[in-house]
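Architecture and fold: a report
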Amino acid sequence: MNANKTVHYERRDRLALIRLDRPGTSNAIDPPTLQALGAAYHRADNDDAVAVVLYGEGPDFSVGLDPKSFLPTLQARTYSADGPGQINPFGTTTRLSKPLVVAVQGTVGAMAHELMLAADVRIAADGTRFSQGEVSRGTTPAGGGAVRMAAEAGWGNAMRWLLTGESWGADEAVRLGLVQEVVPPGEQLPRAIEIAERIAANPPLAVRATLELGRRAREAHAHQVFADLIPTLYRLLDTADFAERLTALKEGRDPVYTGR
């Protein structure tokens, strides 16, 4: 795990629980936290846990990427979501082979929404707000968000939110199939654990085989697209429009985009 202990790992009987905990940042994800998540997923994949639960400490699951800490990594073209001893938390290269149940609350933004979409079962607290708004910042979802959202919600439903960059609520998320249940605030983690325990009570080999077949049917076609995610992101980082956004932020004005 990372030195700041922003990701915590707990074994509870047949479950592995992974907790995001970056106090004072609404669990914003910086590079060390992303690497720690990858290490936690790798640990869960290689111990005898049957199912995994991901959740966030505090009022927000996560606001997503921490821009101040990530921008140097992206500009240096050194971004990576996996490596030795890690599994990609977005599942676009390496992937956790065990069922992942996620509990979310508060804000679930951009990169954090992609973490959620990479889970197999998703439970949300009432009042949760979701967004996949990279387009409004001059970039694109690089963790598979656009691919998975279109597959889960349907093309028009996904494009309505992806291309406007607007946020949506828990009722819309469950309507779209992006979450499976909406529960009262505070009940999302117990409910996620309950579902994970029911999964883990089944024979582990049957669970993993069923999960693998379902994922192959859903995502076999997507792997070439996944391979294009980071190159596309880097291309957008080199555009005049992305530079204009950064300049406008510094100058406190609205950006003027030119499509270059």
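The structure we're discussing is the one just above.
A few points on the structure. (Residues numbered from 1 in each chain as written. Predicted model: local features only at pLDDT ≥ 70, side-chain atom pairs only at ≥ 80, totals over all residues. Heavy atoms only, no water.)

Considering the pattern of salt bridges
- Under the definition given, this model contains 20 salt bridges.
- Among the salt bridges present, the one from Glu 57 reaches Arg 19, with a minimum N-O distance of 3.7 Å. Taken together, the positions of Glu 57 in the loop between strand 3 (51-56) and helix 2 (67-75) and Arg 19 in strand 2 (residues 15-20) put the pair 38 residues apart, joining distant regions of the chain.
- According to the relative accessible area criterion, Glu 57 is partly exposed, its value standing at 39%.
- Taken together, the salt bridges that share partners define one network made up of Arg 11, Asp 47, Asp 48 and Lys 98. (Salt bridge = Lys/Arg side-chain N within 4 Å of Asp/Glu carboxyl O. Helix = DSSP H or I, 4+ residues; strand = E, 2+ residues; numbered from the N terminus. Buried < 20%, exposed > 50% of the residue type's maximum accessible area, 1.4 Å probe, protein only.)

A few points about the packing of aromatic side chains
- With the rule as written, the count across this model stands at 2 aromatic pairs.
- With centroids separated by 6.2 Å and ring planes inclined at 15°, the aromatic side chains of Phe 130 and Trp 168 adopt a geometry described as stacked. Here Phe 130, found in strand 7 (residues 129-131), pairs with Trp 168, found in strand 8 (residues 168-169); they are 38 residues apart in sequence, far enough to count as distant. Like Trp 168, Phe 130 is buried.
- Ring plane angle 40° and centroid distance 5.5 Å describe the contact between Trp 161 and Trp 168, whose orientation is recorded as tilted.
- A residue is classified by how much of its surface remains accessible, and Trp 168, at 1% relative accessible area, is buried.
- Following the ring pairs from residue to residue traces out a cluster consisting of Phe 130, Trp 161 and Trp 168.
- Residue placement shows Arg 160 over the ring face of Trp 161; its charged tip is 3.8 Å from the ring centre. (Phe/Tyr/Trp six-rings, centres within 6.5 Å; stacked < 30°, edge-to-face > 60°. Lys NZ or Arg CZ within 6 Å of the ring centre and 35° of its normal.)

Observations regarding the sheet that holds strand 7
- The sheet built from 3 strands is open, its strands ordered 5-7-8 with mixed pairing. Where the open sheet ends on each side, the last strands, each with one partner, are strand 5 (107-109) and strand 8.
- Where strand 7 lies against strand 8, 2 bridges are found, and the strand directions are antiparallel. Following the sheet pairing, Phe 130 is matched in strand 8 by Trp 168. (Pairing = 2+ DSSP bridges.)

Section: the side chain of His 113
- Inspection of the secondary structure puts His 113 in helix 3 (residues 111-117).
- Look at His 113 and you get buried, because its relative accessible area is 0%.
- At 2.7 Å, the side chain of His 113 and the side chain of Gln 132 are in polar contact.
- Apart from the residues lying within four places of it in its own chain, the contact partners of His 113 are Val 108, Phe 130, Ser 131, Gln 132, Met 149, Trp 168 and Leu 178. (Polar contact = N/O pair within 3.5 Å; in protein donor to acceptor, adjacent residues only side chain to side chain. Contact = heavy atoms within 4.5 Å.)

A word on helix 10 (residues 240-251)
- Taking 1.5 Å per residue as the helical rise, helix 10 with its 12 residues ought to reach 16 Å, and the 16 Å between its terminal C-alpha atoms agrees with that figure.
- Buried residues belonging to helix 10 abut helix 2 and helix 9 (223-237).
- Gly 252 lies just past helix 10 and shows a positive phi near 70°. (Expected span 1.5 Å × (residues − 1).)

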